[in-house]
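Architecture and fold: a report
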Amino acid sequence: MSTTETGNSSTTESAVSGLDYEETQLTLAASGASRSELERKRGFSEGVDLSLETKDFLSGSSDEAPISGAGEPSAAKAQVVGWPPVRSFRRNVLKSCTYVKVAVDGTPYLRKVDLEAHAGYQQLLTALEEMFSCFTARNYPNERLVDPVNGTEYVPTYEDKDGDWMLIGDVPWKVRSSSNFTGNIKGFGSHVEAINKEELEGAISTIHGKHHSTENNLDVCRFMQTASLMKSSEAVDLAPRTPTGCITAR
Amino acid sequence: MVGGFRWAAMFPDEVWEHVFSFLPADADRNAAALVCRAWYRLERRSRWRVFVGNCYAVEPAAAVRRFPEVRAAAIKGKPHFADFNLVPSDWGGGAEAWVEAMAEGWPHLEELRLKRMVVSDDCLELIARCFKNFKVLSLVSCEGFSTAGLAAIAANCRYLRELDLHENEVEDNCLHWMSHFPESCTSLVTLNIACLEGEVNVSVLERLIGRCPNLKTLRLNHSVPLERLVGLLHRAPQLVDLGTGKYAAQHHPELFSRLESAIAGCKNLKGLSGFWEAGPTFLPAIYSVCEGLTSLNLSYATIQGPELIKLISRCKNLQRLWVMDLIEDEGLIAVAASCKLLQELRVFPSDPYGAAQPISLTEHGLVAISAGCPMLHSVLYFCRQMTNAALLTVAKNCPNFTCFRLCIMEPHTPDYITRQPLDAGFSAIVESCKHLRRLSLSGLLTDLVFKSIGASANRLEMLSVAFAGDGDAGLHYILSGCKNLRKLEIRDCPFGDKPLLDNAAKLETMRSLWMSSCSVTLGACRQLARKMPLLNVEVINERKRGLPLELQPDNCPVEKLYIYRTVAGPRSDTPSCVWILR
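Every value quoted in this text rests on a predicted model; they were computed, and no experiment measured them.

Cut-off values and rules
Each residue is numbered by its place in its chain's sequence as written, counting from 1. Throughout, the order in which chains and ligands are written sets their labels, letters from A for the former and numbers from 1 for the latter. The predicted origin of the model limits local features to residues at a pLDDT of at least 70 and limits the giving and counting of side-chain atom pairs to 80 or more, whereas totals for whole chains, interfaces and linings rest on all residues. Based on all heavy atoms of the structure, the side-chain values leave hydrogens and waters out of the count. Any Lys or Arg side-chain nitrogen found within 4 Å of a carboxyl oxygen on Asp or Glu counts as a salt bridge. Secondary structure follows DSSP: runs of H or I at least 4 residues long count as helices, runs of E at least 2 residues long count as strands, and numbering of each begins at the N terminus. Exposure classes here rest on a 1.4 Å probe applied to the protein chains alone. A residue is buried below 20% of its type maximum, exposed above 50%, and partly exposed in between. Patch membership needs two things, relative accessible area over 30% and no salt bridge, and members are linked within 9 Å if like-charged or within 5 Å if nonpolar (Val, Leu, Ile, Met, Phe, Trp, Tyr). Working definition of accessibility: Shrake-Rupley area with a 1.4 Å probe, residue cover restricted to the visible protein chains. UniProt positions are given in the numbering used here, feature names are shortened, and annotations may be inferred rather than shown by experiment. It is the directions from the helix axis to the C-beta atoms whose arc is reported. Two residues qualify as a contact provided that any one of their heavy atoms is within 4.5 Å of a heavy atom in the partner residue. Ring pairs are drawn from Phe, Tyr and Trp, using the six-membered ring of Trp, whenever the two centres fall within 6.5 Å, and their geometry is named by plane angle: stacked under 30 degrees, edge-to-face over 60, tilted for the rest. In protein, a polar contact means a hydrogen-donor-capable atom and an acceptor-capable atom, both N or O and within 3.5 Å, with residues adjacent in sequence counting only if both atoms are side-chain atoms; elsewhere, any N or O pair within 3.5 Å suffices. In this analysis an axis means a line fitted to C-alpha atoms, helices contributing only their contacting stretch, and an angle means the value between N-to-C directions, from 0 to 180 degrees. For this scheme, ten residues count as nonpolar: Ala, Val, Leu, Ile, Met, Phe, Trp, Tyr, Cys and Pro. Four count as charged, namely Asp, Glu, Lys and Arg, and the remainder, Gly too, count as polar.

Under the defined criterion, the tally for this structure stands at 28 salt bridges over all chains. Ionic pairing is found between B:Lys78 and B:Glu143, a salt bridge with its closest N-O pair at 2.5 Å. With B:Lys78 in the loop between strand 2 (72-76) and helix 6 (96-105) and B:Glu143 in strand 5 (residues 143-146), the pair connects residues that are 65 residues apart, well separated along the chain. A relative accessible area of 11% places B:Lys78 in the buried class. Residue B:Arg211 is joined to B:Glu183 by a salt bridge in which the shortest nitrogen-to-oxygen separation is 3.6 Å. You can see B:Arg211 sitting in the loop between helix 9 (202-210) and strand 9 (217-219) and its partner B:Glu183 sitting in the loop between strand 7 (169-171) and strand 8 (190-192), a full 28 residues away along the chain. Owing to a relative accessible area of 59%, B:Glu183 belongs among the exposed residues under this scheme. Shared partners join several salt bridges into a network, and the residues in it are A:Arg87, B:Asp83, B:Arg116 and B:Glu167.

Put into structure tokens, the structure is as follows:
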């Protein structure tokens, strides 16, 4: 699988052609780290496509890290499947306790961070920096939400139980923290640990007025009732819900 | 038996049936059924409780035919390692075949308990429709159904006594399923909905439990806010077992005192669980009932050590304690001092993947408990370090262990003081604990520990092994010893073909064997399957790349292997990743 030959989207070629050798060099660093590095060097769009290629190329050896930038374990050692032997039920309950909302002045929506995923304050701060470095950044595979007419970018958000605007994707799809959402967001069926392209498409098409009647998307539709796509530029006008000028963790 | 038939005819059938009614245990009834044809005939007509440890071991129709008067059935599906995502999600364990056969042949069925099975809403609807006298539904670690299915049960099972949902994955698509319990439903004794994720209509629940005077067990899910717990308890002061909902709220002295008095009003409370999101604020509200508690499950509460100690020191009559490792050694020392009647302890990891600060829960806590609690017989303990000396002490203190499961979270961890394998420690356990029925190993272990287990663990029924052993000898010791072994599950051990083939006959005396990430080849599995027609040899290959299994060479490594005895032959519902060798 060669990065230059994959023709998933037209932007791939332009992204690849604009790069010098060092930037295309594939490394075996933790996928999160390499992705954010690439983001800083380029704009959002190219970063997404390149990181997708990188991930595909490495997918033989890497495990499925969630697509969202947040919440990735920064521990160096790979997790062994099913070890330690803790039931999924218990693991999910443990996970749901450690998410906190983080707001940054200037960002209209909040991010959710899994405290458990970071070994200490230093790692947490680094992760927060990366999350808020460019608040329009979303690493959705092949998904750049651009209005074809005027070129404005959209980010998918939703309003949660507390009335906060949250960016979609921080919390793995299957997490049992239904208390934080207006509806049941649990994905249907097998081990979906992150939003994948199909579910996101289902969610977005609901907003555009198409109704997905398949059972698989029922939960997604209900979940998205109070959601909207915000134009990145318009989103700046929304007052943040936290005191300005500081990062607040709730 | 010489003259067996003659003496069996000495008494009329009714007398023998009456005699058999004093044999509740399946093993005894099975033995009686083998004595002679008359007893076989009599016993089968009088058996009303059936336990099927492996849903694929027998055809549902055959089981139903043999025991026509069954009122209570318990069936298990997937292998235990399915709990840890080692079994593909489409492997099997579907309940339809059983439910359909039971609907056909056991219309008077009253109790159904399913564990690790895939139960669809259709199954639940069939149960609700076909069993007119249905009283008990218990689903443990099941999946495939939704609250719509539960609505059908609620609506149609007029005499429902127990709805016990334990750690299932339930799709939430019918928000008001509980409203389907008719006003005439007053028979509930157990209602356990702790695993449901969705919102629960607490007013409906209040009315339901208000009209069920015999309700003894109520376990709520985390959506039930603390404020509403007060109202629920007022309507069910006779509760014996309570699982709280969310055990956190804005601190409010009025709420605290209302909660405190509501709980104190439950004079029969023996068991407490739930405590989702519990913090220290509202824990003291349960102090008044602590003395009467025999069972306490705090394993979902991230409460720190000092608070736990304050709470548990009051529970002088505790028999069962489930807690997170946040209790630390200090907390366990306090438990050892206060809970002299403790029989079962489970300590779960608050942070299994090691990203947070280390917790001071070590071998010292386990030793303290073993020394202070003379009635302790069942332990599940997750920790990060262990020594042989500690295990030797535990073994000496607790010769009555029936269940010992130790999980040292990092694989291959040696004795951290001597750097030796933990063979000596675990050997001491099996040699001292003559009644040990269940054992889980961990840490650095060589074949020596298996030699001890094979030789000493005569009552052992279930053994779990991970990241242990040096080679074939380890598995051979187990399979050639352990007279009563029923279930063996192994992962990531260097065990190969030879011990399997050398001990093929043993496998027919066991319920099942699971091996994953070991060194077994396809050729050995083929040989085993040919040699042992009463075994299903399932090879699980999830990768789906390359040649189909039939064309793979004998030396092809087998990633996952599940072998079980069966009189039903190969099952017909295998997914594409499972091959049954013949």
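Another aspect to go through is a nonpolar patch on the surface. A cluster of nonpolar side chains, contributed by B:Met10, B:Phe11, B:Val15 and B:Val19, occupies part of the molecular surface with about 350 Å² of accessible area. Secondary-structure assignment places B:Val19 in helix 2 (residues 13-20).

Our next topic: the UniProt feature "domain: F-box" (unreviewed entry) in chain B. The UniProt feature table records "domain: F-box" (unreviewed entry) at residues 11-52 of chain B. Within residues 11-52 of chain B, the helical portion is 62% and the strand portion 10%, while the C-alpha atoms at the span's ends are 31 Å from each other.

A word on helix 12 (residues 305-312) of chain B. Residues and elements named next belong to chain B. Along helix 12, the residues that are buried comprise Gly305, Leu308, Leu311 and Ile312. All buried residues of helix 12 fall inside an arc of 125° around its axis, so they share one side. Close packing links the buried residues of helix 12 with strand 12 (295-297), strand 13 (320-324) and helix 13 (328-338).

On to the packing of aromatic side chains, then. Taken as a whole, this structure holds 22 aromatic pairs over all chains when the rule is applied. Judged by centre distance (6.0 Å) and plane angle (80°), the rings of A:Phe89 and B:Tyr300 are edge-to-face. Taken together, the positions of A:Phe89 in helix 5 (residues 88-96) and B:Tyr300 in the loop between strand 12 and helix 12 put the pair across two chains. Each member of the pair, A:Phe89 as well as B:Tyr300, carries the same accessibility label: buried. Arranged with centres 4.7 Å apart and planes meeting at 35°, the rings of B:Trp276 and B:Tyr300 form a pair that is tilted. Linking B:Trp276 in the loop between strand 11 (271-273) and strand 12 with B:Tyr300 in the loop between strand 12 and helix 12, this pair joins segments that are 24 residues apart in sequence. A relative accessible area of 7% means that B:Trp276 is categorised as buried. Owing to a relative accessible area of 8%, B:Tyr300 belongs among the buried residues under this scheme.

By the element assignment, B:Glu167 lies in the loop between strand 6 (162-166) and strand 7. There is a polar contact of 2.5 Å between the side chain of B:Glu167 and the side chain of A:Arg87. Here B:Tyr300 takes part through its side chain, which lies 2.9 Å from a polar atom of the side chain of B:Glu167. The contact partners of B:Glu167, leaving out residues within four places of it in the chain, are A:Arg87, A:Phe89, A:Arg90, B:Ser141, B:Cys142, B:Cys195 and B:Tyr300.

On to the packing of helix 3 (residues 26-33) of chain B against helix 4 (residues 37-46) of chain B. All names here are of chain B. Taken N-terminus to C-terminus, the directions of helix 3 and helix 4 make an angle of 145°; their axes are 8 Å apart at the nearest point. Taken together, the residues of helix 4 that come into contact with helix 3 (itself represented by Arg29, Ala32 and Ala33) are Trp39, Tyr40, Glu43 and Ser46. Among the residues making up the contact of helix 3 with helix 4, the classes are represented as 4 nonpolar, 1 polar and 2 charged.

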